[in-house]
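# Descriptive analysis of the structure
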Amino acid sequence: MNGIAKAKSAPETCAESHIMPNLNNRHIFPLRSLVPNAITVLAICAGMSAMRFAILGRWEGAVLAILIAGVLDGLDGRMARLLKGSSRFGAELDSLSDIVSFGVAPAVILYSWTLRDVKGVGWLLALIFTISMALRLARFNTMSQNEGQNAEEKRDYFTGIPAPAAAALALWPMILYFLTDIAFFKDPVFCVIYLGIIAALTVSSLPTFSFKKMSIKRDYVLLYLLGIAIFATMLVTHVWATMSVVGLAYIATIPMAYIHHRRRFRKSPEVQGDEQDDEQDKPPS
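Anyway, here's the lowdown on the structure attached to this text. Sequence order sets the numbering: in each chain, residues are counted from 1 along the sequence as written. Two thresholds apply to this predicted model, a pLDDT of at least 70 for residue-level local features and 80 or more for giving and counting side-chain atom pairs, whereas whole-chain, interface and lining totals are computed over all residues. To obtain the side-chain values, all non-hydrogen atoms of the structure were included, while hydrogens and water were left out.

Our focus in this paragraph is the packing of helix α10 (residues 221–237) against helix α11 (residues 239–265). Only the stretch in contact is used when a helix axis is fitted, and all axes are lines through C-alpha atoms; the angle between N-to-C directions ranges over 0 to 180 degrees. Strands here are runs of E lasting at least two residues and helices are runs of H or I lasting at least four, both read from the DSSP assignment and numbered beginning at the N terminus. Remark: α10 packs on α11, axes separated minimally by 5 Å, with the N-to-C direction vectors making an angle of 125°. Classed by the angle they form, the pair α10 and α11 counts as oblique. Here Phe231, Met234, Leu235 and Thr237 of α10 lie close against α11, whose contacting residues are Val239, Thr242, Met243 and Val246. Residues are grouped as follows: Ala, Val, Leu, Ile, Met, Phe, Trp, Tyr, Cys and Pro are nonpolar; Asp, Glu, Lys and Arg are charged; every other residue, Gly included, is polar. Here the contact of α10 with α11 is composed, by residue class, of 6 nonpolar, 2 polar and no charged. Each angle is binned into one of four classes, with values under 35 degrees roughly parallel, values over 145 roughly antiparallel, values of 65 to 115 roughly perpendicular, and all other values oblique. Whether two residues touch is decided by their heavy atoms; if any such pair falls within 4.5 Å, the residues are in contact.

Moving on, we come to the side chain of Thr40. Mapped onto the elements, Thr40 comes out in helix α2 (residues 31–55). Between buried and exposed lies partly exposed: a residue is buried under 20% and exposed over 50% of the maximum accessible area for its type, with that area taken using a 1.4 Å probe on protein chains only. Accessibility expressed as a relative area gives 2% for Thr40, which makes it buried. We call two N or O atoms a polar contact when they sit within 3.5 Å, provided that within protein one can donate a hydrogen and the other can accept it, with sequence-adjacent residues counted only if both atoms are side-chain atoms. Looking at Thr40, its side chain comes within polar contact range of the side chain of Asp76, at 2.8 Å. Other than its neighbours up to four places away in sequence, Thr40 contacts Asp76, Leu93, Asp94 and Ser97.

This part is about the packing of helix α4 (residues 88–113) against helix α5 (residues 120–144). For the pair α4 and α5, interaxial distance at closest approach is 9 Å and the crossing angle is 165°. With respect to their mutual orientation, α4 and α5 come out roughly antiparallel. Crossing handedness for the pair α4 and α5: right-handed. Here Ser95, Asp98, Ile99, Phe102, Gly103, Val104, Pro106, Ala107 and Tyr111 of α4 lie close against α5, whose contacting residues are Gly122, Trp123, Ala126, Phe129, Thr130, Met133, Ala134, Leu137 and Asn141. For the contact of α4 with α5, the per-class residue count stands at 12 nonpolar, 5 polar and 1 charged. For any pair of crossing helices, the crossing counts as left-handed if the nearer helix is rotated counterclockwise from the farther one by less than a right angle, and right-handed if it is rotated clockwise.

Pairing between side chains becomes possible if they bear opposite charge and their charged atoms approach one another. Here, a salt bridge means any side-chain nitrogen of Lys or Arg that lies within 4 Å of a carboxyl oxygen of Asp or Glu. Considering all chains together, one arrives at 1 salt bridge under this definition. With its nearest N and O atoms 2.9 Å apart, the salt bridge here joins Glu92 to Arg88. Remark: Arg88 and Glu92 occur in helix α4; sequence separation between them is 4 residues, near one turn of the helix. Looking at Glu92, the relative accessible area reads 38%, which means it is partly exposed.

What follows concerns helix α8 (residues 172–180). In an α-helix, one turn spans 3.6 residues, which is why side chains three or four residues apart end up on the same side. Within α8 the residues assigned to the buried category are Trp172, Pro173, Met174, Ile175, Leu176 and Phe178. Looking at the buried side of α8, the elements it contacts are α3 (59–83), α4, α7 (163–170), α9 (188–203) and α11. Among the residues trailing α8, Asp181 stands out with phi positive, at a value near 60°.

For patches, a residue must show more than 30% relative accessible area and have no salt bridge; joins then use 9 Å for like charges and 5 Å for nonpolar side chains, namely Val, Leu, Ile, Met, Phe, Trp and Tyr. Each accessible area value is a Shrake-Rupley result obtained with a 1.4 Å probe; residue values ignore everything except the protein chains displayed when judging cover. Taken together, the side chains of Ile216, Val221, Leu222, Tyr224, Leu225 and Ile228 make up a nonpolar region of the molecular surface, amounting to roughly 550 Å² of accessible area. One can find Leu225 in helix α10.

Further remarks concern the packing of aromatic side chains. Ring pairs shown here join Phe, Tyr and Trp side chains whose ring centres sit within 6.5 Å, with only the six-membered ring taken for Trp; geometry is labelled stacked below 30 degrees between planes, edge-to-face above 60, and tilted in between. Tallying each qualifying case throughout the model produces 8 aromatic pairs. Aromatic side chains Phe140 and Phe158 sit 6.4 Å apart centroid to centroid with 55° between the ring planes, which places their arrangement in the tilted category. Taken together, the positions of Phe140 in helix α5 and Phe158 in strand β1 (residues 157–159) put the pair 18 residues apart, joining distant regions of the chain. With a centroid separation of 5.0 Å and an interplanar angle of 55°, the aromatic rings of Phe178 and Trp240 are classed as tilted. Taken together, the positions of Phe178 in helix α8 and Trp240 in helix α11 put the pair 62 residues apart, joining distant regions of the chain. Residue classification places Phe178 among the buried positions, given a relative accessible area of 18%. Taken together, the ring pairs connect Phe184, Phe185, Phe190 and Tyr194 into an aromatic cluster.

Shape descriptors only; they carry no functional weight alone.
Here you go:
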């Protein structure tokens, strides 16, 4: 009888040992997936804090909060890849963070700063910028799942200005105003026209450089680290002058990216015609 009982209990024990870990694993969330999501949440907090600073009239704090959100947005993706903690949940959370921090917050800041002086037109441009950012993010999520796109093109270029850069460029007149105190940069008509241009570039199909896969030669590592140290020092001591130069440098890369992309991926009509003729001349398999 004891032998029979042992024989019956053995399969039951095996079945329980097979089932219980699965039930327990449902309540386990890997720490490597939590870290990048926590950084994304901090980016949302920075974007919301920027709007609070704008409501209080603390304009410099509002712009700095958006810049901090941009830094955090760059860190969360890199941490996810480094820790192998990428997830669908994290991707969706990142998109929501981008629309809050780089779509809604800059529009609210600019409207509170100067766009409200032109009444309905200023609010219209604030809405257009936010909607353009939402459309741009939706297109990015769709294209990231498109396996038919050229892998090198997807790796080296964005379609349109990326969300953090678009937010920083939208606030560039404020940065220039903080630096120079020139009233022209706060002129509502100028800001309306400028924000409309940034919104159009954000939702456009213009290729822009993606610096995610940027690499340097080993011989220049020390110079690269020295440059980072100099940039960090300038950012701490002269933040508005440094960000003004960074904004100007990024704007200069936009036509460069278009020319470089056209040379790499756009074939001339003659070449395309020759390839089509070659395909037609091939015998059917």
